[in-house]
Amino acid sequence: MEFWRLLHSSLTLLILVTSSCEGHVKTVCAGPSLKMDQALLTFYNLLTEEVQIFYTSDYCYKCLYQHLASVKPNNNASVIISTKFTLTVQVSSQTRNETLCRWSQTYEEGGHYSVRIHMSEVGTNPSCTPTVNKTPNNPYLPLVVAALLLAIVALLFVVIPYVYRRRCTSKFIRTICCQGSSYSVDNDIALDSETPHNASKAKPTRLLSLDAFRGFALTVMVFVNYGGGGYWFFQHAPWNGLTVADLVMPWFVFIIGTSVVLAFRSMQRKGLSRLQLLRKITWRTVVLLMLGFCFLNYSPRDGLLSWSWLRIPGVLQRLGFTYFVLSLLQTFWGQKEIPLRAHHWWNPVQDVFIYWPQWLIIILLETLWLCITFLMPVPNCPTGYLGAGGIGDNGLYPNCTGGAAGYIDRWMFGDNMFRYPTCKEMYKTTQPFDPEGVLGTINSVVIGFLGMQAGKIIISCKKMNVQILCRFLVWAVLLGISAAILSKCTRDGGFIPVNKNLWSLSFVLCMGCFSFLLLGAMYFVIDIKGWWAGQPFIYPGMNSIFVYVGHSLLGFYFPFSWEMRFQESHLEFLLQSLWGTSLWVLIAYLLYRKKFFLKI
């Protein structure tokens, strides 16, 4: 009998303890398992009235405060918060209808924080006292280790070929010094007689820096598409601003423009007619569009041939259309040879003046973008609106995401567009918005045309490397200053903010500046000095279509990815992203060894 009485008492005590944990300190009792980019924040309300906790992210422009928790008198509440961006937390009194305290803090991953809400010792006003209960983790430690390992690998890529070349050079010198007269200097006449024959078979040298630039952009693109280790700066910016993920697409478009000029010059030398060029560029455009429609954007969730989930805009669609427009410009108005004349005041800018019809078309396109963006009326939205809508801009324009650009896309495509824009999580938007929409494609053509200008500089200043680098630098400075003026060197306060979602004019100018600088640096290191041959980036750069389509189709399958078990830190996520990217670089290298290049 006593046994059953003891068992009943124990069960009653266990139920009471469990109910107290569930009612007040559930997260503390349960010992919450935090994932990456999360921290635990506990509020202790020592007042005699209930308080409301609100928060907003400092990255969110003029965003409304969102409710975080309610804490009853002499009670506590724990919440899990994001550590990606700085948060502003506000404690308000429900009875007084006033703000008791407010603070901004950058919380760190895995940390346990607490805030005591109590009456201040001096006076009668409440105050908030923050405390760190558990030291947070260092989220960047896996990234530092990975960067060191990649630096070692990159060093090996440079040192091993250098040692190999030195070894081959020493063998060659010994051969010259120690072998017979057939290898002596007296045989110069025989060598000279063979020179014209060998020169006739020589192939035009390939611009390795362009392949390396393309491969570098593609490698970073694969890495960020695989999650970038979960780090926020390897993901697209929520709205305004720049991250690493925002750089790669404009780089790729810039490279398309440069490649168009160099490829069309080669085809012009082969004697291809204008009709043949039109057939070739039309075929390539159609193939890119079909690849984007049929393989990368289709998600038949409502059936095998469902139209409702088809995304009409897309990355390959934009690349295909941009390539088509740039190729038309080069076909009809880009076949003129730049005369090498001296003593003319316009010689420094002759590569601009000679192709004035192209510049006129680009200026008209950019004027069209500006007029539509800032003058087109959008229902229930202010004219010229460039914001994210949702809770941004004090919640005044919740359904105005993207302004005119978003309105045009929703009118043309309906639901057949991207439904999860980067602003959806932070700005709480409800409208779909496609970053590869119609209006942004105009500025995609503009940045591709800047890449065409880089190609013209390479052709017009052939064998004049100093002039090529100087012109690249001048273009980078002009574009950079223009972007700084438009954006006022701020994220949200400029005339036209830098925005990848909208492909704003300041974004195009900023990316043009970066592209000229990066291509110039690679041209100097690879093609001029020969310090680096571009490995390993030249391998994916010479098989870009294969790598891009392949990683998009197979990225969520083993061995490129797997179901992650350890989500408390960035370690496994970063390992998976690097592993998947490295596999595609390895595949591109094996295809390079086999001389397999997928061309359209």
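Overview of the structure. (Residues numbered from 1 in each chain as written. Predicted model: local features only at pLDDT ≥ 70, side-chain atom pairs only at ≥ 80, totals over all residues. Heavy atoms only, no water.)

1. With respect to the overall build of the protein
Part 1: Helix and strand counts for the protein come out as 18 helices and eight strands.
Part 2: Buried positions account for 46% of the 600 residues belonging to the protein.
Part 3: The contacts of the protein with a sequence gap of at least 6 include a subset with a gap of at least 24, amounting to 71%.
Part 4: Looking at the protein as shown, the accessible area adds up to about 32200 Å², and 66% of this sits on carbon and sulfur atoms. (Helix = DSSP H or I, 4+ residues; strand = E, 2+ residues; numbered from the N terminus. Buried < 20%, exposed > 50% of the residue type's maximum accessible area, 1.4 Å probe, protein only. Contact = heavy atoms within 4.5 Å. Areas by Shrake-Rupley, 256 points an atom, 1.4 Å probe, with all protein chains shown as cover.)

2. Remarks on the environment of Gly403
Part 1: Its location among the elements puts Gly403 in helix H11 (residues 403-413).
Part 2: For the pair Gly403 and Thr373, spaced 30 residues apart in sequence, the C-alpha separation works out to 7.5 Å.
Part 3: Beyond its immediate stretch of four places on either side in the chain, Gly403 contacts Val378, Tyr385 and Gly387.

3. A few points about the state of the cysteines
Part 1: Overall, the coordinates contain three disulfides when judged by the stated rule.
Part 2: The side chain of Cys60 participates in a disulfide bridge whose partner is Cys63; the two sulfur atoms lie 1.6 Å from each other. Between Cys60 and Cys63 the sulfur-sulfur dihedral comes to about -55 degrees; the bridge is accordingly left-handed. Just as Cys60 is buried, Cys63 falls in that class too.
Part 3: A sulfur-sulfur separation of 1.9 Å characterises the disulfide bridge that pairs Cys381 with Cys400. Handedness of the Cys381-Cys400 disulfide follows from its S-S torsion of about -95 degrees: it is left-handed. Of this pair, Cys381 sits in the loop between helix H10 (356-375) and H11 while Cys400 sits in the loop between H10 and H11, placing them 19 residues apart in sequence. Of the two residues examined, Cys381 and Cys400, each falls in the buried class.
Part 4: Cys489 forms no disulfide, and the closest cysteine sulfur to it belongs to Cys510, at a distance of 9.8 Å. (Disulfide = S-S within 2.5 Å.)

4. Some thoughts on the packing of H10 against helix H13 (residues 438-460)
Part 1: Orientation of H10 relative to H13, taken along the N-to-C sense of each, is 155 degrees, at an axis distance of 10 Å. Here H10 is positioned roughly antiparallel relative to H13, judged by the angle of their axes. Crossing of H10 over H13 shows left-handed handedness. Mapping the contact onto sequence places Gln358, Trp359, Ile362, Leu365, Glu366, Leu368, Trp369, Ile372 and Thr373 in H10 and Leu439, Ile442, Asn443, Val445, Val446, Phe449, Met452, Gln453 and Lys456 in H13.
Part 2: Of the residues that constitute the contact of H10 with H13, the class distribution is 12 nonpolar, four polar and two charged. (Axes fitted to C-alpha atoms, helices over the stretch in contact; angles between N-to-C directions. Parallel < 35°, antiparallel > 145°, perpendicular 65-115°, else oblique. Left-handed = near helix turned anticlockwise from the far one by under 90°. Nonpolar A, V, L, I, M, F, W, Y, C, P; charged D, E, K, R; others polar.)

5. Concerning the environment of Leu262
Part 1: Relative to the helices and strands, Leu262 is located in helix H6 (residues 248-269).
Part 2: Given the relative accessible area of 23%, Leu262 is considered partly exposed.
Part 3: Between the alpha carbons of Leu262 and Leu207 there is a distance of 9.3 Å; along the sequence they are 55 residues apart.
Part 4: Residues in contact with Leu262, not counting those within four places in the same chain, are Leu207, Leu210, Gly455 and Ile459.

6. Some thoughts on the sheet that holds strand E8 (residues 126-134)
Part 1: Taking strand neighbours across the sheet as the criterion, the four strands line up as E4-E1-E7-E8 in an open arrangement whose pairing is mixed. At either end of the open sheet lies a strand with only one pairing partner, and these are strand E4 (75-82) and E8. Direction aside, neighbouring strands of the sheet carry axes that sit 20 degrees apart on average.
Part 2: Two elements, strand E7 (residues 112-119) and E8, share eight bridges in a ladder whose sense is antiparallel. Bridged to Ser114 within E8 is Thr131. (Pairing = 2+ DSSP bridges.)

7. Some thoughts on a nonpolar patch on the surface
Part 1: A grouping of Leu242, Leu473, Val477, Ile481, Ile485, Phe495, Phe514 and Leu517 is seen on the molecular surface, where their side chains present a nonpolar patch of about 720 Å² in accessible area.
Part 2: For the nonpolar patch, the elements supplying multiple residues, two or more each, are helix H14 (465-487) and helix H15 (505-528).
Part 3: Here the nonpolar patch takes four residues from H14, the largest share from any one element. (Patch = residues over 30% accessible without salt bridge, like charges linked within 9 Å, V, L, I, M, F, W, Y side chains within 5 Å. Salt bridge = Lys/Arg side-chain N within 4 Å of Asp/Glu carboxyl O.)

8. Description of unusual backbone geometry
Negative phi values dominate among residues other than glycine, just as trans dominates among peptide bonds.
Part 1: In the segment running from Gln535 into Pro536, the intervening peptide bond is cis, with an omega of 0 degrees.
Part 2: Tracing the sequence through the fold places Pro536 in the loop between H15 and helix H16 (538-541).
Part 3: Here the amide bond leading from Phe558 into Pro559 is cis, since omega sits at 15 degrees, within 30 degrees of zero.
Part 4: Positionally, Pro559 belongs in the loop between helix H17 (544-554) and helix H18 (571-593).
Part 5: The phi torsion at Asn394 lies on the positive side, around 60 degrees, for a residue other than glycine.
Part 6: In this structure, Asn394 sits in the loop between H10 and H11.
Part 7: Notably, Lys595 is not glycine yet its phi reads approximately 60 degrees, a positive angle.
Part 8: Here Lys595 shows up in the segment after H18.
Part 9: Relative accessible area serves as the criterion here: at 61%, Lys595 is assigned to the exposed category.

9. What about the nonpolar core?
Part 1: Leu319, Tyr427, Phe472, Trp475 and Phe516 are the most contacted members of the largest nonpolar core, which totals 108 residues.
Part 2: For Phe472, the residues in contact, after removing those within four places along its chain, are Ala454, Ile457, Ile458, Phe516, Leu519 and Gly520.
Part 3: Counting residues in hydrophobic clusters, the runner-up holds 22 residues, among them Phe43, Val51, Val71 and Ile81. (Core = buried A, V, L, I, M, F, W, Y, C linked by side-chain atoms within 4.5 Å.)

10. What to know about helix H5 (residues 208-225)
Part 1: Counted at 1.5 Å a residue, the expected span for H5 with its 18 residues is 26 Å, and the 25 Å between its end C-alpha atoms agrees.
Part 2: Burial of H5 is extensive: 15 of the 18 residues sit out of reach of the surface.
Part 3: Among the residues trailing H5, Gly227 stands out with phi positive, at a value near 110 degrees. (Expected span 1.5 Å × (residues − 1).)

11. Section: the packing of aromatic side chains
Part 1: Evaluation of the coordinates by the stated rule reveals 32 aromatic pairs.
Part 2: Taken together, Tyr59, Phe85, Tyr140, Phe223, Tyr231, Trp232, Phe233 and Phe234 form an aromatic cluster joined through their ring pairs.
Part 3: Sitting over the face of the ring of Trp503, Arg318 holds its NZ or CZ atom 4.9 Å from the ring centroid.
Part 4: Lying over the aromatic face of Tyr355, Lys456 brings its terminal NZ or CZ to 4.4 Å of the ring centre. (Phe/Tyr/Trp six-rings, centres within 6.5 Å; stacked < 30°, edge-to-face > 60°. Lys NZ or Arg CZ within 6 Å of the ring centre and 35° of its normal.)

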